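Fold and geometry: a report
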Amino acid sequence: MKNHLTASLLAIAGAAQAHITLDQPEAPAGSSYRAVFKVGHGCEGGAATKEIVVTLPEGLRGAKPMPKPGWTLTTKQRPLKTPYDSHGKPVTEELAEVRWMAQGEANHLPDAWYDEFILRASLPAEPGELAFAVRQVCTQGEWNWAELPTAANPKPRAPAVKLKVMPARVEGHVH
């Protein structure tokens, strides 16, 4: 009985750790944000990661991914619901998806290794929560980290990567 309980607790602990996270899960509204997606494992059975696809939530401005040596970087745009002006130029589209794909087996991310995939963007002016869907494609299988908690499933098995946008910091005079 004791061994069964220990195995069950380890399985639960492993499942709780088994997702992609942000290095900084909170940031102030309206700030420039460096999203560092931490990949700490491969897929089931120890399969190596060969592709990471991040779907960005609406509302990020000027998002730009960081290239990664040994990985091909591609992006997709989507039209903005409300275009805006940036440095005198109209902006009508925003970054919708970033895809990093390993350039051959030598660049796969083994299950036992850790790596980061990075992009930067300006956050919305209003506080709230942003959810990034991250698809992790492995040599065998994949994880689609896109589930949001519901009343029926408060702790999803493959949760989306969340960023809590906090109220903007007010810089005041301090004595």
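As the structure is a prediction and not an experimental result, all values here were calculated from the model.

Some thoughts on the packing of aromatic side chains
- Applying the stated criterion across every chain yields a total of four aromatic pairs.
- For arginine 61, the ring lying beneath its charged end belongs to tyrosine 84, and the centroid distance is 3.6 Å.
- The ring of phenylalanine 117 has lysine 68 lying over it, and the distance from NZ or CZ to the ring centre is 4.8 Å.

Some details on the pairing of strand E8 (residues 115-122)
- Pairing analysis gives eight bridges linking strand E3 (residues 32-39) to E8, with the strands arranged antiparallel. Residue valine 36 lies in a different strand from E8, and its bridge partner there is isoleucine 118.
- Bridge count for strand E5 (residues 61-65) against E8 is three bridges, and the pairing is antiparallel. Directly across from lysine 64, in E8, lies its bridge partner arginine 120.

Some points on the side chain of glutamine 136
- With respect to the helices and strands, the residue glutamine 136 is situated in strand E9 (residues 128-138).
- Among the polar contacts listed, one links the side chain of glutamine 136 to the backbone oxygen of histidine 41, at a separation of 2.6 Å.
- Among the polar contacts listed, one links the side chain of glutamine 136 to the side chain of tryptophan 145, at a separation of 3.1 Å.
- For glutamine 136, the residues in contact, after removing those within four places along its chain, are Ile20, Val39, His41, Gly42, Cys43, Thr49, Glu51, Ile52, Glu142, Trp143 and Trp145.

A word on the side chain of serine 31
- Position of serine 31 relative to the elements: it lies in the loop between strand E2 (26-28) and E3.
- Separated by 2.6 Å, the side chain of serine 31 and the backbone oxygen of proline 28 make a polar contact.
- When sequence neighbours within four positions are dropped, the list of residues in contact with serine 31 reads Ala121, Ser122 and Leu123.

Cut-offs and rules
Residues numbered from 1 in each chain as written. Predicted model: local features only at pLDDT ≥ 70, side-chain atom pairs only at ≥ 80, totals over all residues. Heavy atoms only, no water. Phe/Tyr/Trp six-rings, centres within 6.5 Å; stacked < 30°, edge-to-face > 60°. Lys NZ or Arg CZ within 6 Å of the ring centre and 35° of its normal. Pairing = 2+ DSSP bridges. Helix = DSSP H or I, 4+ residues; strand = E, 2+ residues; numbered from the N terminus. Polar contact = N/O pair within 3.5 Å; in protein donor to acceptor, adjacent residues only side chain to side chain. Contact = heavy atoms within 4.5 Å.

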